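# Breakdown of the fold
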Amino acid sequence: MKLNLFSKLIFAALLAFTVNSFVYFSFGNIYSSKILNYTDFQQQFSSGIYQYRILSGYFVIWIYEFLSTLDIDYSIFKLKFFDADAEPKMYISFFLLNTFFLVLTSAVMVLITETKNFVATSSEKILLIAFSILTVGLSQFVIVPYDISSYFFLMLFLLILIKYLNKSSTGQLIVLGFILLISTLNRESSALSISLAATLLLAKFGLKKQSIIPVAVLGISFLVAYLGMRLMNESFSTSDGNLLVQNFTQPKNILGLLFGLVFFVFPFMVAKDRDSIRNIIIFHLLSIPYILMCFYSGILYEIRLYIPLFLTSLLLSRTRIRKFQ
């Protein structure tokens with residue numbers, strides 16, 4: 001059955017909404033229960049590394065304050081929390097924000113798969129998008145305000161990057177720089193967009209000025225936001241501590257490492273050709289700073305850390321660079 005673009009967009013959006021709704025309302029959240037009230041959320045996300053991830057933090061507060069103006073009986077949701085201080089209003093704020101961006105992410109992924117550079121049958125495209133949405137849903141046992149929005153910015157960056165590679169223009173490069181800047185205000189993992197751009201630019205042009213100049217422009221956009229936020233806060237935190245030993249000794253973190261290995265292999269198994277495999281490898285090599293920081297200061301049990309690498313690799317597995325004109 002061949003579906004048109006509108007049908008695919010509607011399906012992907014409905015699937016994203018349905019999956020996230022079941023995740024948030026059908027399971028009790030243990031892992032993130034301590035930040036599900038306004039005071040604790042403000043304390044955590046206004047200190048340490050979190051204070052620089054300002055965009056989605058503002059979104060959550062805005063939604064929370066908007067919900068405060070409405071007369072809602074939250075008992076209709078039949079929410080049960082493991083922390084007595086958890087607020088239904090804060091939980092619903094997280095749900096609305098993350099579901100909204102998951103719907104947007106799924107829609108952008110549909111548009112990416114519909115470009116002429118994406119080599120897959122209609123059924124394969126739907127299956128890849130559905131698997132991506134379900135994987136993101138699986139990672140939502142850790143609730144934070146910035147993850148899913150960061151996936152949206154990464155996918156949007158890839159969509160515009162494909163257009164840039166097909167027909168390079170200064171305007172498109174400016175748009176890419178702007179997306180990267182906004183994305184960095186949301187989460188510093190936006191640096192993965194630079195790794196992605198470098199991967200595809202090198203695949204098309206090799207180590208020439210057509211690759212070097214755009215990557216330099218994108219690097220400057222990232223540094224403007226990254227350093228700017230730290231200068232404004234008069235602090236320069238890059239991590240909240242060393243968790244390297246725990247990541248290799250605690251059973252849950254070893255399980256998270258297994259997740260990363262399994263989902264690292266999957267894009268290779270569905271890759272279209274050797275060029276796609278090579279691009280996935282190069283992308284991971286260029287993403288080593290992010291990966292090392294995940295091992296050093298992240299918690300590997302939080303499988304969300306590998307999701308942006310996985311989503312990007314999955315799309316790279318079917319993107320044929322040689323078709324760029």
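These figures come from a predicted structure and were not determined experimentally.

## Some details on the packing of helix 3 (residues 54-68) against helix 4 (residues 88-113)
The interhelical angle for the contact between helix 3 and helix 4, taken along N-to-C directions, is 125 degrees, at an axis separation of 9 Å. As the angle between them shows, helix 3 and helix 4 are arranged oblique. For the crossing formed where helix 3 meets helix 4, the hand is right-handed. When helix 3 is examined against helix 4, the residues S56, F59, V60, I63, Y64, L67 and S68 are found in contact with a partner set consisting of K89, M90, I92, S93, F94, L96, L97 and F101. Tallied by class, residues from the contact of helix 3 with helix 4 come to eleven nonpolar, three polar and one charged.

## Observations concerning the nonpolar core
Grouped together as the largest cluster of nonpolar side chains are 86 residues, with contacts concentrated most on F94, I112, M155, F157, L161, L196 and L200. Counting residues per element, this core draws most heavily on helix 6 (residues 147-166), which supplies 14 residues. Ignoring anything within four residues of it in the chain, the contact list for L196 reads L154, F157, L158, L161, F283, T312 and L316. By size, the runner-up hydrophobic cluster in this structure holds five residues, among which are I49, Y52, A225 and M229.

## Things to note about unusual backbone geometry
If a residue is not glycine, its phi is most likely negative; likewise, a peptide bond is most likely trans. Even without being glycine, K78 reaches a positive phi, approximately 50 degrees. Topologically, K78 is positioned in the loop between helix 3 and helix 4.

## Considerations on a nonpolar patch on the surface
On the surface, W62, F66, L70 and I72 cluster together into a nonpolar patch covering about 400 Å² of accessible area. Position of L70 relative to the elements: it lies in the loop between helix 3 and helix 4.

## Quick word on helix 4
Residues lying three or four places apart along an α-helix face the same way, a consequence of the helix completing one turn every 3.6 residues. The terminal C-alpha atoms of helix 4 lie 37 Å apart, and with 26 residues this matches the ideal 38 Å at 1.5 Å per residue to within 8%. With respect to burial, helix 4 is a largely interior element, 19 of its 26 residues being buried.

## Examining the packing of helix 12 (residues 274-286) against helix 13 (residues 288-297)
Between helix 12 and helix 13, the shortest axis-to-axis distance is 5 Å and the interhelical angle comes to 60 degrees. As far as their axial angle goes, helix 13 and helix 12 are oblique. On helix 13, the residues touching H284, L285 and L286 of helix 12 are I288, P289 and I291. Across the contact of helix 12 with helix 13, the residue classes tally to five nonpolar, one polar and no charged.

## A closer look at the confidence of the model for the chain
Looking at the chain as a whole, the pLDDT averages 91, with 96% of positions reaching at least 70. Averaged pLDDT values over the elements of the chain bottom out at 86 in helix 2 (residues 38-44) and peak at 98 in helix 14 (residues 307-316).

## Describing the pattern of salt bridges
The tally for this structure, following the rule as stated, stands at nine salt bridges. The salt bridge involving E114 is made with K8; its shortest N-O contact spans 2.8 Å. Linking E114 in the loop between helix 4 and helix 5 (122-138) with K8 in helix 1 (residues 5-26), this pair joins segments that are 106 residues apart in sequence. Under the relative-accessibility criterion, E114 is labelled partly exposed at 33%. Given the relative accessible area of 5%, K8 is considered buried.

## Some remarks on the packing of aromatic side chains
If you walk through the whole model with that rule in mind, you get 28 aromatic pairs. Between F100 and F101, the ring centres sit 5.3 Å apart and the planes meet at 75 degrees, which makes this aromatic pair edge-to-face. Taking the relative accessible area as the measure of exposure, F100 reaches 48% and is therefore partly exposed. Here F131 and F310 contribute two aromatic rings whose centre-to-centre distance is 6.0 Å and whose plane-to-plane angle is 70 degrees, an arrangement assigned as edge-to-face. Of this pair, F131 sits in helix 5 while F310 sits in helix 14; the two residues are 179 residues apart in sequence, bridging distant segments of the chain.

## Section: helix 5
With 17 residues, helix 5 should cover 24 Å at 1.5 Å per step; its first-to-last C-alpha distance of 25 Å lies within 8% of that length. Among the residues of helix 5, those classed as buried are K125, I126, L128, I129, A130, S132, I133, T135, V136 and G137. Residues of helix 5 that are buried in the fold lie against helix 1, helix 4, helix 6, helix 11 (251-270) and helix 14.

## Digging into the side chain of S287
Locating S287 in the fold gives a position in the loop between helix 12 and helix 13. Excluding anything up to four places from it in sequence, S287 contacts L192, S195 and L309.

## Looking at the environment of L158
Tracing the backbone shows L158 in helix 6. Using a relative accessible area of 1% as the deciding quantity, one classes L158 as buried. Separated by 50 residues in the primary sequence, L158 and V108 place their C-alpha atoms 9.2 Å from one another. The residues touching L158, leaving out its near neighbours within four places in the chain, are I112, L196, L200 and L315.

## Some points on the side chain of S21
Among the secondary structure elements, S21 is positioned in helix 1. Take S21: its relative accessible area is 14%, and that puts it in the buried class. At 2.7 Å, the side chain of S21 forms a polar contact with the backbone oxygen of F17. If we skip the residues at most four places from it in the chain, S21 touches S26 and F95.

Cut-off values and rules
Residues numbered from 1 in each chain as written. Predicted model: local features only at pLDDT ≥ 70, side-chain atom pairs only at ≥ 80, totals over all residues. Heavy atoms only, no water. Axes fitted to C-alpha atoms, helices over the stretch in contact; angles between N-to-C directions. Helix = DSSP H or I, 4+ residues; strand = E, 2+ residues; numbered from the N terminus. Parallel < 35°, antiparallel > 145°, perpendicular 65-115°, else oblique. Left-handed = near helix turned anticlockwise from the far one by under 90°. Contact = heavy atoms within 4.5 Å. Nonpolar A, V, L, I, M, F, W, Y, C, P; charged D, E, K, R; others polar. Core = buried A, V, L, I, M, F, W, Y, C linked by side-chain atoms within 4.5 Å. Buried < 20%, exposed > 50% of the residue type's maximum accessible area, 1.4 Å probe, protein only. Patch = residues over 30% accessible without salt bridge, like charges linked within 9 Å, V, L, I, M, F, W, Y side chains within 5 Å. Areas by Shrake-Rupley, 256 points an atom, 1.4 Å probe, with all protein chains shown as cover. Salt bridge = Lys/Arg side-chain N within 4 Å of Asp/Glu carboxyl O. Expected span 1.5 Å × (residues − 1). pLDDT = per-residue confidence, 0-100. Phe/Tyr/Trp six-rings, centres within 6.5 Å; stacked < 30°, edge-to-face > 60°. Polar contact = N/O pair within 3.5 Å; in protein donor to acceptor, adjacent residues only side chain to side chain.

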